[in-house]
Amino acid sequence: MSNCHKQTVSQPSNAGAADLFVDLNSDLLRNGRSVRFSAPGHSMYPTIRDGETLIVQPIEAARVAVGDIILHAVDQRLIAHRVVKIVNSKSLSAADAACEFIFKADASSSLNEPVKPSQILGKVVSIERNGTTIDPYGLKAKLACLPRLIFNHLKHALYKS
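Residues numbered from 1 in each chain as written. Predicted model: local features only at pLDDT ≥ 70, side-chain atom pairs only at ≥ 80, totals over all residues. Heavy atoms only, no water.

J.: Please clarify how the nonpolar core should be interpreted in this entry.
T.: Burial of nonpolar side chains together is a common tendency in soluble globular proteins. Ranked by internal contacts, the top residues of the largest apolar core, which has 20 residues, are Phe37, Ile48, Leu54, Val56, Leu71, Leu78 and Val124. Among the secondary structure elements, those contributing two or more residues to this core are α1 (15-30), β2 (35-38), β3 (53-58), β4 (69-74), β5 (77-87) and β7 (120-129). A per-element tally of this core places α1 first, with 4 residues. Ignoring sequence-local partners within four residues, the contact set of Leu71 consists of Leu29, Phe37, Val56, Leu78, Ile79, Ala80, Gln119, Ile120, Leu121 and Gly122. (Core = buried A, V, L, I, M, F, W, Y, C linked by side-chain atoms within 4.5 Å. Buried < 20%, exposed > 50% of the residue type's maximum accessible area, 1.4 Å probe, protein only. Helix = DSSP H or I, 4+ residues; strand = E, 2+ residues; numbered from the N terminus. Contact = heavy atoms within 4.5 Å.)

J.: I'm lost on the packing of aromatic side chains in this one. Help?
T.: What describes a pair of aromatic rings is the distance from one ring centre to the other and the angle between the planes of the rings. What the rule picks out here adds up to 1 aromatic pair. Aromatic side chains Phe21 and Phe37 sit 5.5 Å apart centroid to centroid with 85° between the ring planes, which places their arrangement in the edge-to-face category. Remark: Phe37 occurs in strand β2 and Phe21 occurs in helix α1; sequence separation between them is 16 residues. Pair check on accessibility: Phe21 and Phe37 agree, each one buried. In this arrangement the basic side chain of Lys123 is found over the ring face of Tyr137, its NZ or CZ atom lying 4.9 Å from the centre. (Phe/Tyr/Trp six-rings, centres within 6.5 Å; stacked < 30°, edge-to-face > 60°. Lys NZ or Arg CZ within 6 Å of the ring centre and 35° of its normal.)

J.: In this structure, what is going on with the pairing of β5? I would like to understand it.
T.: Look at any regular strand and the pattern is simple: side chains alternate between the two faces of the sheet. Strand direction decides the pairing type here: β4 and β5, joined by 6 bridges, are antiparallel. Paired with Val74 across the bridge in β5 is Arg77. Pairing of β5 with strand β6 (residues 100-104), which is carried by 5 bridges, proceeds in the antiparallel orientation. Bridge pairing in β6 links Val87 to Glu100. (Pairing = 2+ DSSP bridges.)

J.: Is there a simple way to explain the confidence of the model for the protein chain in this structure?
T.: Detailed reading of predicted coordinates is not advised where the pLDDT is low. Averaged over the protein chain, the pLDDT score is 84; the fraction of residues at 70 or greater is 81%. Contacts of residues 1-8 to residues separated by more than four positions or lying in other chains number 22 contacts, the stretch itself having pLDDT below 50. (pLDDT = per-residue confidence, 0-100.)

J.: Can you help me understand the side chain of His72 in this one?
T.: With respect to the helices and strands, His72 occurs in strand β4. Reaching out from His72, the side chain makes a polar contact with the backbone oxygen of Ile70 at a distance of 3.2 Å. (Polar contact = N/O pair within 3.5 Å; in protein donor to acceptor, adjacent residues only side chain to side chain.)

J.: Explanation requested: the pattern of salt bridges in the structure shown.
T.: Where charged atoms from two side chains of opposite charge come close, those side chains can pair. One pass over the structure, following the stated rule, counts 5 salt bridges. Arg36 is the partner of Glu128 in a salt bridge, and the nearest nitrogen-oxygen pair spans 2.3 Å. One end of the pair, Glu128, is in strand β7; the other, Arg36, is in strand β2, and 92 residues separate them in sequence. Classification of Arg36 by relative accessible area gives buried; the value is 13%. Among the ionic pairs, Arg129 bridges to Glu52, the shortest N-O distance being 2.3 Å. Taken together, the residues Arg129 in strand β7 and Glu52 in the loop between β2 and β3 connect sequence positions 77 residues apart. For the pair formed by Arg129 and Glu52, the shared burial category is buried. (Salt bridge = Lys/Arg side-chain N within 4 Å of Asp/Glu carboxyl O.)

J.: Got a minute to help me understand the environment of Glu100 in this structure?
T.: Its place among the elements puts Glu100 in strand β6. Judged by its relative accessible area of 24%, Glu100 falls in the partly exposed class. As for Glu100 and Pro117, which are separated by 17 residues in sequence, their C-alpha atoms are 6.7 Å apart. At 3.3 Å, the side chain of Glu100 forms a polar contact with the side chain of Lys116.

Here it is in structure tokens:
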């Protein structure tokens, strides 16, 4: 089992500190270490709320599955979004230029730009909320997302007609 750092850090706002944050966490995950940090933003609401602590464990791209919440690097930023599709996964490897992961934020109806296997850093394995550990893949988390999922489907159906 990987070691998890005990101190929670927030993603910094200034560019130099942000680069250091991304580099440090990327290096730790690529070297088999778990990380935990305070996640900013509302894109994964209600699964992840602004400022909650994420515990992320390293994962190989070949082990990523649809439905996983994956931390990945994009333009010197760390993003934790849900995998909705894996394209050309038959020969999945970091060197496979044809393989791509498609992500979507839980609070969004649009898809993110495709991500290569080399950008995959880790899997969100738990969330700390008000002193409680939450399983982001458990029944409670899935039920919390249900109203937003229904709303997004209805909104999409209305725009189509």
